[in-house]
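Single-letter residue listing:
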Amino acid sequence: MSSMFSTLTTFAADAPAPAESGGVVSLVMAQLPTVITIGAALGAVLGAVSYLIYVERKLAAFMQDRVGPNRVGPWGLLQPIADGAKFILKEDVIPEYVDKVLFILAPCIAAMTTMLAFAVVPFGPVDGAPSFMRFIIAPNVDIGMVFIFAIGSLAVYGIILGGWASNNKYSALGSLRASAQVISYEIPLGMSVLGIALLGGTLNIEQILLNQAKGGITQWYVWTQPLACLIFFTAALAESNRLPFDLVECEQELVGGFHTEYSSMKFALFFLAEYTHVITISFLTAILFFGGWHFPGIAEPGSTGLLATGLKFGVLLSKVFAVILVIMLIRWTIPRFRFDQLMGLAWKVLIPLSTANVVAVMTVLQFGWSKWWLTAVSLLLFVVAGAIGVKQAHDALNRSGRRPHAKPETSGGHVAHAH
Amino acid sequence: MNWIQHNWALLLPLVLGACGVWLMMPGARSIRPLGGLACLGALVLGFQLVAGSRDVSGSMFLVFASATLISAVLMITSRNPVYAALWFAVVTLGVCGLFLLQSAPFLAAATIIVYAGAIIVTFLFVIMLAQQAGTSSYDMSSRQPFCASVTAFTLLGLLLITFQSAAAQQTVDGARATKVAAANKSLNLEIKLNAADIHKSSRPLPNEELGQMRGLGRSLFTDYLFAVEIGGTLLLIASIGAIALAPRRAQGTL
């Protein structure tokens, strides 16, 4: 956004006294690539979201030994279109005693903020783009990462307002959970990226990508910052309210959580926001830790031309798709956390670990040691945290005397819980 | 009397604004549409004071400034605390827009994260927990609306007049000052920066753009090191205090 302003202001500075109409026309012309890029990105995201839902349903079916959607079109491929049509044609119910303004505003805020965060994410090789569009909506934003976190921190308003305006206890509980969860997980999210910012000396996402591409595959930050990668991925998953962190819309306890009262297109907007968020965090994971469009032998920074651009674009998209698939697999692998476990994970595990990681990066940089020490430190921290966690769980079970074989009369409840 | 004639352009919007805010405050005598009109009039008259720069950043300034001021008035006059918190969020966003115009993108992003993203969300959290049974009587009428608006606008007027007289005394210097002053000039305040007053570390390096994080970090950890450290210590003490005050789990919470 700041780059948009600077483009505008430098333009205004370049043409000190333009004729009123000519100034406006050339101003519009100068912004034309941006407009085209925004249109292309929005269209791609909307299309991708509808088919990601299809992929997710098929994958869920695969993991649960079911068939999945197969009625509409071959292999159910037209299912997303049917779903979309249903969302549009369904009756749009606004319940009686809701706060109408906020009730309508909430899904708009949710969809808008997640789309806005996408503005600084490069979705292709920025320098190899054709002249009429770019592979990033707002190029050269110096504070790219901070911008994404800032916009991401606004996304919680959609959930909070939706839950509060619904005038429903379950929705309100869902949004209360959301506010605590999102605020807590913002801290490890930001801290995990600090290490990369220090190593690369920049917060500009394009620059972080180029740093990795120029150094080859060994310079991908996932090798030196594996723990940061894990923390970032976990915290981002929690920010997007996906399983195993979807306490916000936990069906067993809260009916539908914050969106209980929503139907039709307003519900679809919440859905769209969630999936856009998933796409954005997948792009960020692929770019920050896995080298973006870089892949040795296929997409190198030196290569130019249309084919190279296409290859880079393809490499980045396949990486992103792989991350999205992992997110979807996790959904059916790890059960949902309890709320105190969720808070404990953020405050007692992720924040100390990411702080330790930042301290390690600073130490290595200060004394000029080999940065491969960071890999060792990351693994060590991971093992230590795991050992502490296992020890505590063990002690807690022993202390409460609720081990399955310790007291037969209470074992039933515990076994049920353990499953 | 002479002084009033001299400063009427500043006094008129202030008086109009005070009347408007007083009329808009929730209460029995509140006439919200009239108050709103008065406030809008004050806003338009206030912007007449601003030297009109007709380029893009000038109009952006007008958009952000008016959004900030309008939301600020709506925030203090809205009957529903949830709406007040939301208008506060819009105020923060407007101020961040102004920061962006002043080439301070990091400050803008950090303010959004801290205020809009954390503090106001916490407010909303508390308001939602407290307000299960609809708006209460103390939301429906404000206490001492007249004194409050008169005091606030008197303070604002004193601040503006001080700025004006201070601006008249200061001298012009420095290449870096021009960019900062460009936006201030549109406020007609003419705050000029003396190049000698800016510490060396705060100035951008030759190959550096104004408002990059590098310069901000250098300045924070050289010139303002003690302030940063004291601020950090204060926050640490506060968080230790919060942990100490919070009841233990054995005492029955959580």
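Keep in mind that this is a model prediction, so the values were computed, not measured.

Novice: Lay out the interface of chain B and chain A with the relevant residues and their values.
Specialist: In this assembly, 34 residues from chain B lie in contact with 33 residues from chain A. Taking both sides of the interface into account, the surface hidden between chain B and chain A amounts to around 2800 Å²; carbon and sulfur atoms contribute 77%. A per-residue breakdown of the area chain B buries against chain A is headed by Tyr83, Val121 and Met128 of chain B, which together make up 18% of the total. Counting every contact that joins chain B to chain A gives zero salt bridges. For the pair chain B and chain A, the number of links is two residue pairs in polar contact (both at pLDDT 80 or more).

Novice: Explain the pattern of salt bridges residue by residue, including any values.
Specialist: All names here are of chain A. Within the structure shown, the criterion is met by seven salt bridges over all chains. Residue Arg242 pairs with Glu56 through a salt bridge whose shortest N-O separation is 2.8 Å. Highlighted residues: Arg242 in the loop between helix H11 (226–239) and helix H12 (251–254) and Glu56 in helix H3 (residues 32–63), separated in sequence by 186 residues. Glu56 carries the same exposure label as Arg242, and that label is buried. A residue is classified by how much of its surface remains accessible, and Glu56, at 4% relative accessible area, is buried.

Novice: How would you summarise the packing of aromatic side chains if you had to cite specific residues and measurements?
Specialist: Aromatic ring pairs: the centre-centre distance and the angle between the two ring planes describe each pair. As enumerated under the stated definition, the model contains 15 aromatic pairs over all chains in all. On the numbers, 5.9 Å between centres and 45 degrees between planes, the contact of Phe87 of chain A with Phe267 of chain A is tilted. Taken as a pair, Phe87 of chain A in helix H4 (residues 79–89) and Phe267 of chain A in helix H13 (residues 264–289) lie far apart in primary sequence, 180 residues in all. With a centroid separation of 5.5 Å and 80 degrees between ring planes, the pair formed by Trp22 of chain B and Phe146 of chain B is classed as edge-to-face. Placement of the pair is Trp22 of chain B in helix H1 (residues 2–24) and Phe146 of chain B in helix H7 (residues 145–169), with a sequence separation of 124 residues. Relative accessible area serves as the criterion here: at 29%, Trp22 of chain B is assigned to the partly exposed category. The ring centre of Tyr275 of chain A lies 5.7 Å from the NZ or CZ of Arg242 of chain A, which sits over that ring. Above the face of the Trp293 of chain A ring, Lys312 of chain A is positioned so that its terminal group lies 4.5 Å from the ring centre.

Novice: A description of the side chain of Arg177 of chain A should follow, citing residues and the corresponding values.
Specialist: All names here are of chain A. Along the chain, Arg177 falls in helix H8 (residues 169–200). A residue is classified by how much of its surface remains accessible, and Arg177, at 18% relative accessible area, is buried. When near neighbours in sequence (up to four residues on either side) are disregarded, Arg177 contacts Leu247, Cys250, Glu253, Leu254 and Phe339.

Novice: Give a detailed account of empty space enclosed by the protein, specifying residues and quantitative values.
Specialist: Which parts of space are left empty comes out when a probe the size of a water molecule is rolled across the atoms. All names here are of chain A. Evaluated as defined, the whole model comprises one cavity of 30 Å³ or more. Empty space within the largest cavity amounts to approximately 180 Å³. If you trace the largest cavity, you find 17 residues lining it, with Ala117, Ile148, Gly152, His277 and Ile281 closest to the centre. The set of elements that each furnish at least two residues to the lining of the largest cavity consists of helix H5 (100–117), helix H6 (144–154), H11 and H13.

Procedures and definitions
- Residues numbered from 1 in each chain as written.
- Chains lettered and ligands numbered in written order.
- Predicted model: local features only at pLDDT ≥ 70, side-chain atom pairs only at ≥ 80, totals over all residues.
- Heavy atoms only, no water.
- Contact = heavy atoms within 4.5 Å.
- Buried area = accessible area lost by both parts, 1.4 Å probe.
- Salt bridge = Lys/Arg side-chain N within 4 Å of Asp/Glu carboxyl O.
- Polar contact = N/O pair within 3.5 Å; in protein donor to acceptor, adjacent residues only side chain to side chain.
- Helix = DSSP H or I, 4+ residues; strand = E, 2+ residues; numbered from the N terminus.
- Buried < 20%, exposed > 50% of the residue type's maximum accessible area, 1.4 Å probe, protein only.
- Phe/Tyr/Trp six-rings, centres within 6.5 Å; stacked < 30°, edge-to-face > 60°.
- Lys NZ or Arg CZ within 6 Å of the ring centre and 35° of its normal.
- 1 Å grid on protein atoms, 1.4 Å probe; cavity = no way out; pocket = protein on both sides within 12 Å on 5 of 7 lines; lining within 4 Å.
- Points joined across faces, edges and corners; volume = space filled by probe spheres on them.

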